[in-house]
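The chain contents come next:
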Protein chains: 2
Amino acid sequence: MARWQPGTRERLARAALELFSAQGFEQTTAAEIARSVGLTERTFFRHFADKREVLFDGQQSFTQAFLDGVEAAPPGAPPFEVVASALRSAGRFFDDERRAFARARQAVIEANPALQERERHKRAALAAAMHAAMLARGTADPAASVAAETAATVFSLAFQQWIRPGEDRTLAQIAAGVLAEVRRFAAAG
Amino acid sequence: MARWQPGTRERLARAALELFSAQGFEQTTAAEIARSVGLTERTFFRHFADKREVLFDGQQSFTQAFLDGVEAAPPGAPPFEVVASALRSAGRFFDDERRAFARARQAVIEANPALQERERHKRAALAAAMHAAMLARGTADPAASVAAETAATVFSLAFQQWIRPGEDRTLAQIAAGVLAEVRRFAAAG
(Lines give C-alpha, C1' and ligand atoms only; values in the text may rest on other atoms or scores of the structure.)
Protein backbone atom coordinates (compact mmCIF):
# COMPACT_ATOMS: atom_id res chain seq x y z
CA MET A 1 0.00 0.00 0.00
CA ALA A 2 1.26 3.49 -0.78
CA ARG A 3 2.62 5.80 1.90
CA TRP A 4 -0.03 8.14 3.28
CA GLN A 5 -0.14 11.53 4.88
CA PRO A 6 -1.54 11.26 8.38
CA GLY A 7 -4.64 13.40 7.58
CA THR A 8 -8.04 12.15 8.66
CA ARG A 9 -9.42 12.17 5.13
CA GLU A 10 -6.57 9.98 3.91
CA ARG A 11 -6.89 7.59 6.85
CA LEU A 12 -10.60 7.23 6.12
CA ALA A 13 -9.97 6.65 2.42
CA ARG A 14 -7.37 4.00 3.11
CA ALA A 15 -9.57 2.27 5.67
CA ALA A 16 -12.54 2.36 3.30
CA LEU A 17 -10.59 0.77 0.49
CA GLU A 18 -9.27 -1.95 2.78
CA LEU A 19 -12.80 -2.82 3.92
CA PHE A 20 -14.25 -2.64 0.39
CA SER A 21 -11.49 -5.01 -0.77
CA ALA A 22 -11.87 -7.42 2.14
CA GLN A 23 -15.63 -7.71 2.43
CA GLY A 24 -17.18 -5.93 -0.58
CA PHE A 25 -18.38 -2.40 -1.26
CA GLU A 26 -22.06 -3.11 -0.61
CA GLN A 27 -21.33 -4.85 2.66
CA THR A 28 -19.33 -1.96 4.10
CA THR A 29 -20.97 0.96 5.92
CA ALA A 30 -19.63 4.44 6.54
CA ALA A 31 -19.90 3.84 10.30
CA GLU A 32 -17.76 0.73 9.98
CA ILE A 33 -15.11 2.55 7.99
CA ALA A 34 -14.95 5.30 10.58
CA ARG A 35 -14.88 2.83 13.48
CA SER A 36 -12.01 0.87 11.96
CA VAL A 37 -9.76 3.91 12.43
CA GLY A 38 -11.25 5.03 15.75
CA LEU A 39 -13.47 7.77 14.31
CA THR A 40 -17.22 8.40 14.29
CA GLU A 41 -19.64 8.10 11.38
CA ARG A 42 -20.21 11.83 11.74
CA THR A 43 -16.53 12.48 11.07
CA PHE A 44 -16.74 10.30 7.98
CA PHE A 45 -19.58 12.40 6.62
CA ARG A 46 -17.64 15.61 7.27
CA HIS A 47 -15.12 14.34 4.73
CA PHE A 48 -17.21 12.38 2.22
CA ALA A 49 -20.81 12.75 1.06
CA ASP A 50 -21.13 8.95 0.96
CA LYS A 51 -18.93 5.86 0.83
CA ARG A 52 -18.91 5.92 -2.97
CA GLU A 53 -17.23 9.31 -2.92
CA VAL A 54 -14.13 7.71 -1.41
CA LEU A 55 -13.61 6.00 -4.77
CA PHE A 56 -14.44 9.03 -6.91
CA ASP A 57 -12.79 11.69 -4.87
CA GLY A 58 -10.88 14.41 -6.68
CA GLN A 59 -12.67 14.19 -10.02
CA GLN A 60 -12.43 17.95 -10.38
CA SER A 61 -8.64 17.95 -9.94
CA PHE A 62 -8.46 14.97 -12.30
CA THR A 63 -10.28 16.84 -15.06
CA GLN A 64 -8.33 20.01 -14.27
CA ALA A 65 -5.05 18.16 -14.87
CA PHE A 66 -6.16 17.51 -18.47
CA LEU A 67 -7.35 21.09 -18.92
CA ASP A 68 -4.03 22.44 -17.59
CA GLY A 69 -2.31 20.40 -20.28
CA VAL A 70 -4.62 21.84 -22.95
CA GLU A 71 -3.79 25.32 -21.65
CA ALA A 72 -0.06 24.55 -21.73
CA ALA A 73 -0.09 23.66 -25.44
CA PRO A 74 1.13 26.54 -27.64
CA PRO A 75 -1.59 28.50 -29.47
CA GLY A 76 -2.10 27.02 -32.90
CA ALA A 77 -0.72 23.62 -31.90
CA PRO A 78 -2.51 20.86 -33.85
CA PRO A 79 -5.21 19.02 -31.81
CA PHE A 80 -3.06 15.88 -31.64
CA GLU A 81 -0.33 17.85 -29.84
CA VAL A 82 -2.88 19.42 -27.53
CA VAL A 83 -4.12 15.95 -26.58
CA ALA A 84 -0.53 14.79 -26.03
CA SER A 85 0.01 17.75 -23.70
CA ALA A 86 -3.21 17.01 -21.79
CA LEU A 87 -2.13 13.39 -21.31
CA ARG A 88 1.31 14.40 -20.05
CA SER A 89 -0.32 16.71 -17.53
CA ALA A 90 -2.79 14.04 -16.42
CA GLY A 91 0.08 11.59 -16.09
CA ARG A 92 1.73 13.83 -13.51
CA PHE A 93 -1.50 13.78 -11.49
CA PHE A 94 -1.14 10.01 -11.06
CA ASP A 95 2.21 9.68 -9.40
CA ASP A 96 3.62 6.38 -8.25
CA GLU A 97 2.26 6.78 -4.71
CA ARG A 98 -1.23 6.50 -6.13
CA ARG A 99 -0.64 3.28 -7.99
CA ALA A 100 -1.35 0.82 -5.15
CA PHE A 101 -4.51 2.70 -4.20
CA ALA A 102 -5.60 2.76 -7.86
CA ARG A 103 -5.08 -1.01 -8.18
CA ALA A 104 -7.15 -1.82 -5.13
CA ARG A 105 -9.80 0.70 -6.18
CA GLN A 106 -10.08 -0.90 -9.61
CA ALA A 107 -10.71 -4.34 -8.14
CA VAL A 108 -13.54 -2.92 -6.02
CA ILE A 109 -15.08 -1.18 -9.03
CA GLU A 110 -14.88 -4.26 -11.22
CA ALA A 111 -16.88 -6.20 -8.64
CA ASN A 112 -19.77 -3.73 -8.65
CA PRO A 113 -21.89 -2.75 -11.71
CA ALA A 114 -23.13 0.51 -10.13
CA LEU A 115 -19.54 1.60 -9.54
CA GLN A 116 -18.69 0.69 -13.13
CA GLU A 117 -21.51 2.96 -14.24
CA ARG A 118 -20.08 5.75 -12.13
CA GLU A 119 -16.67 5.17 -13.72
CA ARG A 120 -18.18 5.40 -17.21
CA HIS A 121 -19.84 8.62 -16.17
CA LYS A 122 -16.46 9.96 -15.10
CA ARG A 123 -15.03 9.16 -18.53
CA ALA A 124 -17.97 10.89 -20.24
CA ALA A 125 -17.53 13.98 -18.05
CA LEU A 126 -13.83 14.11 -18.92
CA ALA A 127 -14.60 13.88 -22.64
CA ALA A 128 -17.20 16.65 -22.32
CA ALA A 129 -14.74 18.94 -20.49
CA MET A 130 -12.02 18.25 -23.08
CA HIS A 131 -14.51 18.90 -25.88
CA ALA A 132 -15.43 22.30 -24.43
CA ALA A 133 -11.73 23.14 -24.02
CA MET A 134 -10.95 22.21 -27.63
CA LEU A 135 -13.85 24.31 -28.92
CA ALA A 136 -12.63 27.20 -26.75
CA ARG A 137 -9.21 26.94 -28.44
CA GLY A 138 -10.89 27.39 -31.80
CA THR A 139 -10.84 23.74 -32.91
CA ALA A 140 -14.15 23.08 -34.67
CA ASP A 141 -16.17 19.89 -34.71
CA PRO A 142 -15.79 17.08 -35.62
CA ALA A 143 -12.06 17.60 -34.89
CA ALA A 144 -12.80 18.87 -31.37
CA SER A 145 -14.91 15.80 -30.57
CA VAL A 146 -12.36 13.42 -32.06
CA ALA A 147 -9.59 15.03 -29.98
CA ALA A 148 -11.66 14.97 -26.78
CA GLU A 149 -12.73 11.34 -27.21
CA THR A 150 -9.20 10.30 -28.09
CA ALA A 151 -7.88 11.93 -24.91
CA ALA A 152 -10.45 10.07 -22.81
CA THR A 153 -9.85 6.74 -24.59
CA VAL A 154 -6.05 6.92 -24.48
CA PHE A 155 -6.13 7.86 -20.82
CA SER A 156 -8.46 4.99 -20.02
CA LEU A 157 -6.41 2.38 -21.92
CA ALA A 158 -3.16 3.69 -20.43
CA PHE A 159 -4.62 3.69 -16.93
CA GLN A 160 -5.69 0.05 -17.26
CA GLN A 161 -2.15 -0.82 -18.24
CA TRP A 162 -0.60 1.34 -15.51
CA ILE A 163 -2.33 -0.62 -12.75
CA ARG A 164 -1.44 -4.04 -14.13
CA PRO A 165 0.69 -6.16 -11.78
CA GLY A 166 4.37 -5.69 -12.51
CA GLU A 167 3.90 -2.59 -14.67
CA ASP A 168 6.43 0.03 -13.58
CA ARG A 169 6.43 2.63 -16.35
CA THR A 170 4.80 5.93 -15.45
CA LEU A 171 1.27 6.66 -16.63
CA ALA A 172 2.63 9.45 -18.86
CA GLN A 173 5.02 7.02 -20.56
CA ILE A 174 2.28 4.48 -21.17
CA ALA A 175 -0.15 7.14 -22.44
CA ALA A 176 2.47 8.41 -24.90
CA GLY A 177 2.80 4.85 -26.22
CA VAL A 178 -0.96 4.42 -26.62
CA LEU A 179 -1.24 7.79 -28.39
CA ALA A 180 1.52 6.69 -30.78
CA GLU A 181 -0.53 3.53 -31.38
CA VAL A 182 -3.53 5.72 -32.33
CA ARG A 183 -1.30 7.40 -34.90
CA ARG A 184 -0.08 4.06 -36.30
CA PHE A 185 -3.64 2.75 -36.39
CA ALA A 186 -4.93 5.76 -38.32
CA ALA A 187 -2.01 5.83 -40.75
CA ALA A 188 -2.20 2.18 -41.86
CA GLY A 189 -4.61 0.90 -44.47
CA MET B 1 -42.75 9.60 -37.53
CA ALA B 2 -41.34 6.75 -39.62
CA ARG B 3 -43.55 4.19 -41.26
CA TRP B 4 -44.04 1.10 -39.11
CA GLN B 5 -44.85 -2.52 -39.62
CA PRO B 6 -48.20 -3.34 -38.07
CA GLY B 7 -46.73 -5.83 -35.54
CA THR B 8 -47.72 -5.57 -31.92
CA ARG B 9 -44.16 -5.08 -30.76
CA GLU B 10 -43.69 -2.12 -33.08
CA ARG B 11 -47.02 -0.57 -32.11
CA LEU B 12 -46.02 -0.82 -28.46
CA ALA B 13 -42.61 0.69 -29.12
CA ARG B 14 -44.08 3.60 -31.05
CA ALA B 15 -46.73 4.23 -28.39
CA ALA B 16 -44.11 4.07 -25.62
CA LEU B 17 -41.89 6.61 -27.32
CA GLU B 18 -44.81 8.96 -27.89
CA LEU B 19 -45.77 8.80 -24.21
CA PHE B 20 -42.15 9.13 -23.01
CA SER B 21 -41.78 12.21 -25.22
CA ALA B 22 -45.06 13.79 -24.18
CA GLN B 23 -45.02 13.21 -20.44
CA GLY B 24 -41.59 11.89 -19.49
CA PHE B 25 -40.07 8.42 -19.13
CA GLU B 26 -40.49 8.19 -15.34
CA GLN B 27 -44.12 9.28 -15.51
CA THR B 28 -45.11 6.60 -18.02
CA THR B 29 -46.14 3.09 -16.98
CA ALA B 30 -46.13 -0.09 -19.03
CA ALA B 31 -49.89 -0.41 -18.44
CA GLU B 32 -50.44 3.06 -19.85
CA ILE B 33 -48.38 2.31 -22.94
CA ALA B 34 -50.35 -0.86 -23.57
CA ARG B 35 -53.70 0.84 -22.94
CA SER B 36 -52.90 3.64 -25.39
CA VAL B 37 -52.94 1.10 -28.23
CA GLY B 38 -55.79 -1.01 -26.86
CA LEU B 39 -53.61 -3.75 -25.37
CA THR B 40 -53.07 -5.09 -21.87
CA GLU B 41 -50.07 -4.67 -19.60
CA ARG B 42 -49.60 -8.41 -19.84
CA THR B 43 -49.18 -8.15 -23.59
CA PHE B 44 -46.61 -5.41 -23.08
CA PHE B 45 -44.57 -7.69 -20.84
CA ARG B 46 -44.73 -10.50 -23.38
CA HIS B 47 -42.76 -8.21 -25.70
CA PHE B 48 -40.53 -6.21 -23.36
CA ALA B 49 -38.99 -7.03 -19.97
CA ASP B 50 -39.64 -3.45 -18.85
CA LYS B 51 -40.36 -0.03 -20.31
CA ARG B 52 -36.65 0.76 -20.54
CA GLU B 53 -36.17 -2.14 -22.92
CA VAL B 54 -38.26 -0.31 -25.51
CA LEU B 55 -35.41 2.18 -25.82
CA PHE B 56 -32.62 -0.41 -25.78
CA ASP B 57 -34.23 -3.07 -27.88
CA GLY B 58 -32.11 -4.85 -30.44
CA GLN B 59 -28.72 -4.29 -28.82
CA GLN B 60 -27.63 -7.75 -29.88
CA SER B 61 -28.43 -7.07 -33.54
CA PHE B 62 -26.77 -3.67 -33.20
CA THR B 63 -23.52 -5.22 -31.98
CA GLN B 64 -23.83 -8.02 -34.52
CA ALA B 65 -23.95 -5.46 -37.34
CA PHE B 66 -20.47 -4.28 -36.31
CA LEU B 67 -19.18 -7.83 -35.97
CA ASP B 68 -20.53 -8.72 -39.42
CA GLY B 69 -18.49 -5.82 -40.77
CA VAL B 70 -15.37 -7.10 -38.99
CA GLU B 71 -16.01 -10.51 -40.51
CA ALA B 72 -16.45 -9.01 -43.98
CA ALA B 73 -13.02 -7.36 -43.94
CA PRO B 74 -10.40 -9.38 -45.87
CA PRO B 75 -7.97 -11.41 -43.75
CA GLY B 76 -4.87 -9.33 -43.09
CA ALA B 77 -6.68 -6.01 -43.64
CA PRO B 78 -5.18 -3.33 -41.38
CA PRO B 79 -7.27 -2.56 -38.26
CA PHE B 80 -8.29 0.84 -39.64
CA GLU B 81 -9.89 -0.88 -42.64
CA VAL B 82 -11.58 -3.42 -40.39
CA VAL B 83 -13.09 -0.57 -38.37
CA ALA B 84 -14.22 1.15 -41.58
CA SER B 85 -15.93 -2.08 -42.64
CA ALA B 86 -17.63 -2.44 -39.23
CA LEU B 87 -18.94 1.11 -39.46
CA ARG B 88 -20.30 0.58 -42.97
CA SER B 89 -22.11 -2.51 -41.77
CA ALA B 90 -23.51 -0.70 -38.71
CA GLY B 91 -24.61 2.14 -40.96
CA ARG B 92 -26.82 -0.23 -42.93
CA PHE B 93 -28.48 -1.29 -39.66
CA PHE B 94 -29.69 2.28 -39.13
CA ASP B 95 -31.71 2.91 -42.26
CA ASP B 96 -33.64 6.09 -42.85
CA GLU B 97 -36.86 4.66 -41.41
CA ARG B 98 -35.20 4.52 -38.01
CA ARG B 99 -34.09 8.14 -37.99
CA ALA B 100 -37.31 9.70 -36.61
CA PHE B 101 -37.54 7.05 -33.91
CA ALA B 102 -33.85 7.58 -33.04
CA ARG B 103 -34.35 11.35 -32.75
CA ALA B 104 -37.30 11.03 -30.39
CA ARG B 105 -35.50 8.32 -28.42
CA GLN B 106 -32.45 10.55 -27.97
CA ALA B 107 -34.54 13.38 -26.51
CA VAL B 108 -36.04 10.97 -23.97
CA ILE B 109 -32.59 9.66 -23.01
CA GLU B 110 -31.12 13.14 -22.64
CA ALA B 111 -33.82 14.00 -20.12
CA ASN B 112 -33.01 11.04 -17.86
CA PRO B 113 -29.63 10.34 -16.17
CA ALA B 114 -30.38 6.64 -15.60
CA LEU B 115 -31.07 6.20 -19.31
CA GLN B 116 -27.85 8.04 -20.13
CA GLU B 117 -26.03 5.53 -17.93
CA ARG B 118 -27.68 2.71 -19.84
CA GLU B 119 -26.56 4.32 -23.12
CA ARG B 120 -22.97 4.55 -21.87
CA HIS B 121 -23.17 0.90 -20.91
CA LYS B 122 -24.28 0.08 -24.45
CA ARG B 123 -21.24 1.91 -25.83
CA ALA B 124 -18.93 0.03 -23.45
CA ALA B 125 -20.48 -3.31 -24.44
CA LEU B 126 -19.97 -2.49 -28.11
CA ALA B 127 -16.32 -1.60 -27.51
CA ALA B 128 -15.81 -4.85 -25.57
CA ALA B 129 -17.36 -6.93 -28.38
CA MET B 130 -15.26 -5.15 -31.00
CA HIS B 131 -12.15 -5.67 -28.87
CA ALA B 132 -12.78 -9.42 -28.66
CA ALA B 133 -13.37 -9.55 -32.42
CA MET B 134 -10.12 -7.71 -33.16
CA LEU B 135 -8.16 -10.02 -30.86
CA ALA B 136 -9.80 -13.00 -32.57
CA ARG B 137 -8.55 -11.68 -35.94
CA GLY B 138 -5.02 -11.71 -34.57
CA THR B 139 -4.68 -7.98 -33.87
CA ALA B 140 -2.78 -7.65 -30.59
CA ASP B 141 -3.20 -5.00 -27.90
CA PRO B 142 -2.91 -2.06 -27.71
CA ALA B 143 -3.88 -1.94 -31.42
CA ALA B 144 -6.99 -4.08 -30.80
CA SER B 145 -8.19 -1.75 -28.03
CA VAL B 146 -7.47 1.36 -30.06
CA ALA B 147 -9.43 -0.08 -33.00
CA ALA B 148 -12.36 -1.13 -30.82
CA GLU B 149 -12.57 2.20 -29.00
CA THR B 150 -12.28 4.10 -32.25
CA ALA B 151 -15.17 2.13 -33.73
CA ALA B 152 -17.35 2.93 -30.71
CA THR B 153 -16.36 6.60 -30.65
CA VAL B 154 -16.78 7.18 -34.38
CA PHE B 155 -20.15 5.47 -34.31
CA SER B 156 -21.29 7.55 -31.38
CA LEU B 157 -20.18 10.88 -32.89
CA ALA B 158 -21.67 9.95 -36.27
CA PHE B 159 -24.93 8.89 -34.67
CA GLN B 160 -25.26 12.21 -32.84
CA GLN B 161 -24.83 14.00 -36.15
CA TRP B 162 -27.20 11.64 -37.99
CA ILE B 163 -30.12 12.54 -35.75
CA ARG B 164 -29.56 16.30 -35.92
CA PRO B 165 -32.48 18.25 -37.41
CA GLY B 166 -32.03 18.73 -41.14
CA GLU B 167 -29.26 16.12 -41.48
CA ASP B 168 -30.05 13.90 -44.45
CA ARG B 169 -26.80 12.04 -45.15
CA THR B 170 -26.85 8.35 -44.26
CA LEU B 171 -25.21 7.20 -41.06
CA ALA B 172 -22.60 5.30 -43.10
CA GLN B 173 -21.67 8.49 -44.99
CA ILE B 174 -21.33 10.48 -41.79
CA ALA B 175 -19.31 7.74 -40.08
CA ALA B 176 -16.91 7.60 -43.03
CA GLY B 177 -16.39 11.35 -42.63
CA VAL B 178 -15.72 11.08 -38.90
CA LEU B 179 -13.30 8.20 -39.46
CA ALA B 180 -11.46 10.34 -42.02
CA GLU B 181 -11.32 13.06 -39.36
CA VAL B 182 -9.64 10.58 -36.97
CA ARG B 183 -7.02 10.00 -39.65
CA ARG B 184 -6.46 13.74 -40.18
CA PHE B 185 -6.29 14.28 -36.40
CA ALA B 186 -3.68 11.57 -35.93
CA ALA B 187 -1.58 12.64 -38.92
CA ALA B 188 -1.23 16.32 -37.97
CA GLY B 189 1.29 17.58 -35.48
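Here the structure is a predicted model, which means the values were calculated and not measured.

## Things to note about the overall build of chain A
Then, number 1: Scanning chain A from N- to C-terminus turns up nine helices and zero strands.
Then, number 2: Start at the N end of chain A and walk to the C end: the helices and strands fall as α-α-α-α-α-α-α-α-α.
Then, number 3: In terms of its C-alpha atoms, chain A occupies a principal-axis envelope of roughly 55 × 35 × 30 Å.
Then, number 4: By the burial criterion, 49% of the 189 residues in chain A qualify as buried.
Then, number 5: Sequence separation of at least 24 residues holds for 62% of the intrachain contacts in chain A that already meet a minimum separation of 6.
Then, number 6: Side-chain charges in chain A split into 24 positive and 22 negative, and the spacing between the mean points of these groups amounts to 2 Å.

## Focus: the domain arrangement of chain A
Residue and element names in this part refer to chain A.
Then, number 1: When cut into domains, chain A gives domain 1 (8-53) and domain 2 (58-187).
Then, number 2: Placing the centre of domain 1 and that of domain 2 at their C-alpha centroids yields a distance of 28 Å.
Then, number 3: Listed per partner, the contact involves seven residues of domain 1 and seven residues of domain 2.
Then, number 4: Considering only the side of domain 1, the residues that lose the most area to domain 2 are Leu17, Phe25 and Arg52, jointly responsible for 69% of the buried surface there.
Then, number 5: On the surface where domain 1 and domain 2 come into contact, there are zero residue pairs in polar contact (both at pLDDT 80 or more).

## So, helix α5 (residues 79-93) of chain A
Then, number 1: Helix length check: α5 of chain A (15 residues) gives 21 Å between terminal C-alpha atoms against 21 Å at 1.5 Å per residue, within 8%.
Then, number 2: Where burial is concerned, most of α5 of chain A is hidden: 11 out of the 15 residues are buried.
Then, number 3: For α5 of chain A, the set of buried residues is Phe80, Val82, Val83, Ala84, Ser85, Ala86, Leu87, Ser89, Ala90, Gly91 and Phe93 of chain A.
Then, number 4: Turning to α5 of chain A, the residues buried within the fold contact α4 (59-72), α7 (113-136), α8 (143-162) and α9 (171-187) of chain A together with α9 (171-187) of chain B.

## Overview of the interface of chain B and chain A
As a measure of interface size, the accessible area lost when the parts come together is often cited.
Then, number 1: Listed per partner, the contact involves 28 residues of chain B and 28 residues of chain A.
Then, number 2: For the pair chain B and chain A, the summed buried surface comes to about 2400 Å²; carbon and sulfur atoms form 72% of the total.
Then, number 3: Among the residues chain B hides against chain A, the three largest losses belong to Arg120, Val146 and Phe185 of chain B. Together they make up 27% of the total.
Then, number 4: Here chain B is connected to chain A by zero salt bridges.
Then, number 5: The interface formed by chain B and chain A includes four residue pairs in polar contact (both at pLDDT 80 or more).
Then, number 6: Broken down by element, the side of chain B that touches chain A gets its largest block of residues, eight residues, from helix α8 (residues 143-162) of chain B.
Then, number 7: Along the lines of polarity and charge, the residues of the side of chain B that touches chain A split into 16 nonpolar, five polar and seven charged.

## Some words on the environment of Ala15 of chain A
All names here are of chain A.
Then, number 1: In this fold, Ala15 is placed in helix α1 (residues 8-23).
Then, number 2: On the basis of relative accessibility, which here comes to 7%, the residue Ala15 falls in the buried class.
Then, number 3: Sequence separation of Ala15 and Ile174 is 159 residues, and the distance between their C-alpha atoms is 29 Å.
Then, number 4: The residues contacting Ala15, other than those within four sequence positions of it, are Ile33, Ser36 and Val37.

## Quick notes on unusual backbone geometry
Then, number 1: Backbone torsion omega between Asp141 of chain A and Pro142 of chain A reads 5 degrees, so that peptide bond is classified as cis.
Then, number 2: Mapped onto the elements of the fold, Pro142 of chain A is located in the loop between α7 and α8.

## Looking at the nonpolar core
Within soluble globular proteins, side chains that are nonpolar generally end up buried alongside one another.
Then, number 1: Counting residues in each nonpolar core, the largest one holds 84 residues, and the members touching the most others are Phe66 of chain A together with Phe66 of chain B.
Then, number 2: Every residue in contact with Phe66 of chain B, bar those within four places of it in the chain, is listed here: Ala86, Leu87, Ala90, Leu126, Met130, Ala151 and Phe155 of chain B.

## As for the relation of the copies chain B and chain A
Then, number 1: Here chain B sits on chain A after a turn of 180 degrees about the axis and a move of 0.0 Å along it, with an RMSD of 0.0 Å. Those values place the two copies in the arrangement expected of a two-fold rotation axis.
Then, number 2: Both copies present the same face, since 100% of the interface residues in chain B are matched by interface residues at the equivalent positions in chain A.

## Comments concerning the side chain of Gln59 of chain A
Residues and elements named next belong to chain A.
Then, number 1: Structurally, Gln59 is set in helix α4.
Then, number 2: Side chain to side chain, Gln59 and Arg118 meet in a polar contact 3.2 Å long.
Then, number 3: Non-local contacts of Gln59, meaning those with residues more than four positions away in its chain, are made with Arg118, Lys122 and Ala125.

## Details of the confidence of the model for chain A
Then, number 1: Of the residues in chain A, 96% reach a pLDDT of 70 or more, and the chain-wide mean stands at 92.
Then, number 2: Considering only residues more than four positions removed or in separate chains, one finds that residues 1-5 of chain A, a stretch of pLDDT under 50, has 11 contacts.

## Here we look at the pattern of salt bridges
Residues and elements named next belong to chain A.
Then, number 1: One pass over the full model with this rule turns up 12 salt bridges over all chains.
Then, number 2: A salt bridge links Asp96 to Arg99; the nearest nitrogen and oxygen atoms lie 2.6 Å apart.
Then, number 3: Accessibility expressed as a relative area gives 53% for Asp96, which makes it exposed.
Then, number 4: Using a relative accessible area of 4% as the deciding quantity, one classes Arg99 as buried.

## Some thoughts on the packing of aromatic side chains
Then, number 1: Throughout the structure, instances matching the rule amount to 30 aromatic pairs over all chains.
Then, number 2: Taking the centre distance of 5.2 Å and the plane angle of 65 degrees together, the rings of Phe62 of chain A and Phe155 of chain A count as edge-to-face. Remark: Phe155 of chain A occurs in helix α8 and Phe62 of chain A occurs in helix α4; sequence separation between them is 93 residues.
Then, number 3: When its relative accessible area of 5% is taken as the criterion, Phe62 of chain A is described as buried.
Then, number 4: A centroid spacing of 5.3 Å and a plane angle of 90 degrees characterise the contact between Phe44 of chain B and Phe45 of chain B, whose relative ring orientation is edge-to-face.
Then, number 5: Aromatic ring contacts, followed pair by pair, group Phe62, Phe66, Phe93, Phe94, Phe155, Phe159 and Trp162 of chain A into a single cluster.
Then, number 6: It is Arg118 of chain B that lies over the ring of Phe56 of chain B; its NZ or CZ is 4.6 Å from the centre.

Rules behind the numbers
Residues numbered from 1 in each chain as written. Chains lettered and ligands numbered in written order. Predicted model: local features only at pLDDT ≥ 70, side-chain atom pairs only at ≥ 80, totals over all residues. Heavy atoms only, no water. Helix = DSSP H or I, 4+ residues; strand = E, 2+ residues; numbered from the N terminus. Buried < 20%, exposed > 50% of the residue type's maximum accessible area, 1.4 Å probe, protein only. Contact = heavy atoms within 4.5 Å. Lys, Arg positive; Asp, Glu negative; His and termini not counted. Charge placed at Lys NZ, Arg CZ, Asp CG, Glu CD. Domains from an automatic or database assignment. Buried area = accessible area lost by both parts, 1.4 Å probe. Polar contact = N/O pair within 3.5 Å; in protein donor to acceptor, adjacent residues only side chain to side chain. Expected span 1.5 Å × (residues − 1). Salt bridge = Lys/Arg side-chain N within 4 Å of Asp/Glu carboxyl O. Nonpolar A, V, L, I, M, F, W, Y, C, P; charged D, E, K, R; others polar. Core = buried A, V, L, I, M, F, W, Y, C linked by side-chain atoms within 4.5 Å. Least-squares fit on C-alpha atoms with pLDDT ≥ 70 in both. pLDDT = per-residue confidence, 0-100. Phe/Tyr/Trp six-rings, centres within 6.5 Å; stacked < 30°, edge-to-face > 60°. Lys NZ or Arg CZ within 6 Å of the ring centre and 35° of its normal.

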